[in-house]
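Here is how the chains run, residue by residue.
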Number of protein chains: 2
Amino acid sequence: MLAAVFQVRAVGSPKPALHVLLWQRALKPEAGKWALPGGSLRHDEDLTSSVRRQLAEKVDLREVAHLEQLAVFSDPSRVPGTRTIASTFLGLVPSPATPELPPDTRWHPVDNLPPMAFDHGPMVEHAVARLVAKLSYTNIGFALAPTEFAVSTLRDIYSAALGHPVDATNLQRVLERRNVITRTGTTARSGRSGGRPAALYRFTDSRYRVTDEFAALRPPG
Amino acid sequence: MLAAVFQVRAVGSPKPALHVLLWQRALKPEAGKWALPGGSLRHDEDLTSSVRRQLAEKVDLREVAHLEQLAVFSDPSRVPGTRTIASTFLGLVPSPATPELPPDTRWHPVDNLPPMAFDHGPMVEHAVARLVAKLSYTNIGFALAPTEFAVSTLRDIYSAALGHPVDATNLQRVLERRNVITRTGTTARSGRSGGRPAALYRFTDSRYRVTDEFAALRPPG
């Protein structure tokens, strides 16, 4: 099992960016290169228990708001030595949590990855592609966002995760219409530029769901 | 690897239904129960090659129009004996193909499964849930439908796959608006009830894609 855990970091700074959690290999093979956290399945655990156990060594698990199976990487020559099949997971940590990390572990921006071990580079790409796709038809953004947020903050998070600019007004309109986000009724204490205080929102559900089904396909009643 | 391969069968009959391809175990354990096709990974193949090789023993592969990885089932006690982890796949066969099947293999309606071996019942449920979800935000229906079809045929296929009635007019409107289906410009040779000949459609793409992204999240340009 290997987990690609993402967080949008430096929200509020000029350029918040999507980061992935990596650790630097100390030993051969591929010493010095960066790898996804993970390890081997024990005989008495299933994949999800295993990835949770192994992630717990890197990051406080209470901060992982979403965890799902991704693809299995099974190329016979993906790692040297004994054949190893890797089942990958996608994990998401909300902003602005700042979990403590062990010394070998660091957040790296996905658009500027360090030299990656084995096939972990393509694994990160695959996980980003899944995240981008799911942002467009599910409420998965809840797992990257703070509990309450101004639309401008959410815009920063979506822009960083998608890798391109998003218009705050459009984002708000679409997510409200689909009942993905809800107004809390309160406002942020003060606007950065001293303007009108921004309305605060929260995700309507903090459990993953598809939000964008074809209306024509919904069950009757 | 195990594959849940689906087809909507008896399209045009009063009640077309979603079916899954199962084979009956001849040997212990679980002799007589029904199982998903599959088998073990060889040392020189990856998962997708393996599942294709194993499916080829059951059904002509040219008829599998879509194949994707589903979940990994890894409960330590999921099968007796040596620990075995199962990586499952979703496969789709268009109507009205009638692949030849080996004698131990049969299509079963998913709403009336026979006694299932091991955890293969939950695997079928998982695969159906994935298919239903994807029908609602992707063009995956192409892999269940004939190359050209009247809207009433497509309605039968969607209704069977979703497990509930779908309105043909709504379905046509939504799928046309999202450019999932396109009019061919021709008509069916004759309506069943002798009425006006039905316009024929095809899927705009016969490659899987998400069709229903939030417009606000699309890349600029």
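Details of the structure are given in the entry above.
Throughout what follows, the structure given in this document is the object of discussion.

Rules used in this analysis
Residues numbered from 1 in each chain as written. Chains lettered and ligands numbered in written order. Predicted model: local features only at pLDDT ≥ 70, side-chain atom pairs only at ≥ 80, totals over all residues. Heavy atoms only, no water. Buried < 20%, exposed > 50% of the residue type's maximum accessible area, 1.4 Å probe, protein only. Helix = DSSP H or I, 4+ residues; strand = E, 2+ residues; numbered from the N terminus. Arc of directions from axis to C-beta. Contact = heavy atoms within 4.5 Å. Polar contact = N/O pair within 3.5 Å; in protein donor to acceptor, adjacent residues only side chain to side chain.

Digging into helix 4 (residues 168–177) of chain B
Residue and element names in this part refer to chain B.
Right, so step 1: Within helix 4, the full set of buried residues consists of Ala168, Leu171, Val174 and Leu175. For helix 4, the buried positions fall inside an angular range of 135° around the axis, keeping them on one side. Turned more than 90 degrees off the buried face of helix 4, the exposed positions are Thr169 and Arg177.
Right, so step 2: At its buried positions, helix 4 is contacted by helix 3 (151–162) and strand 8 (181–187).
Right, so step 3: Its side-chain oxygen placed 3.2 Å from the backbone nitrogen of Thr169, Asp167 serves as the N-cap of helix 4.
Right, so step 4: Phi for Asn179, located one or two positions after helix 4, is positive at around 60°.

Brief notes about unusual backbone geometry
Residues and elements named next belong to chain A.
Right, so step 1: Here Lys28 and Pro29 are connected by a cis peptide whose omega angle stands at -10°.
Right, so step 2: Mapped onto the elements, Pro29 comes out in the loop between strand 2 (17–24) and strand 3 (34–35).
Right, so step 3: With an omega of -5°, the peptide bond between Ser95 and Pro96 qualifies as cis.
Right, so step 4: Considering the arrangement of structural elements, one finds Pro96 in the loop between strand 5 (86–92) and strand 6 (105–109).
Right, so step 5: In this model, Asn179 sits at a positive phi of 60°, which is unusual for a non-glycine residue.
Right, so step 6: Within the secondary structure, Asn179 is located in the loop between helix 4 (168–177) and strand 8 (181–187).
Right, so step 7: We classify Asn179 as partly exposed; its relative accessible area is 41%.

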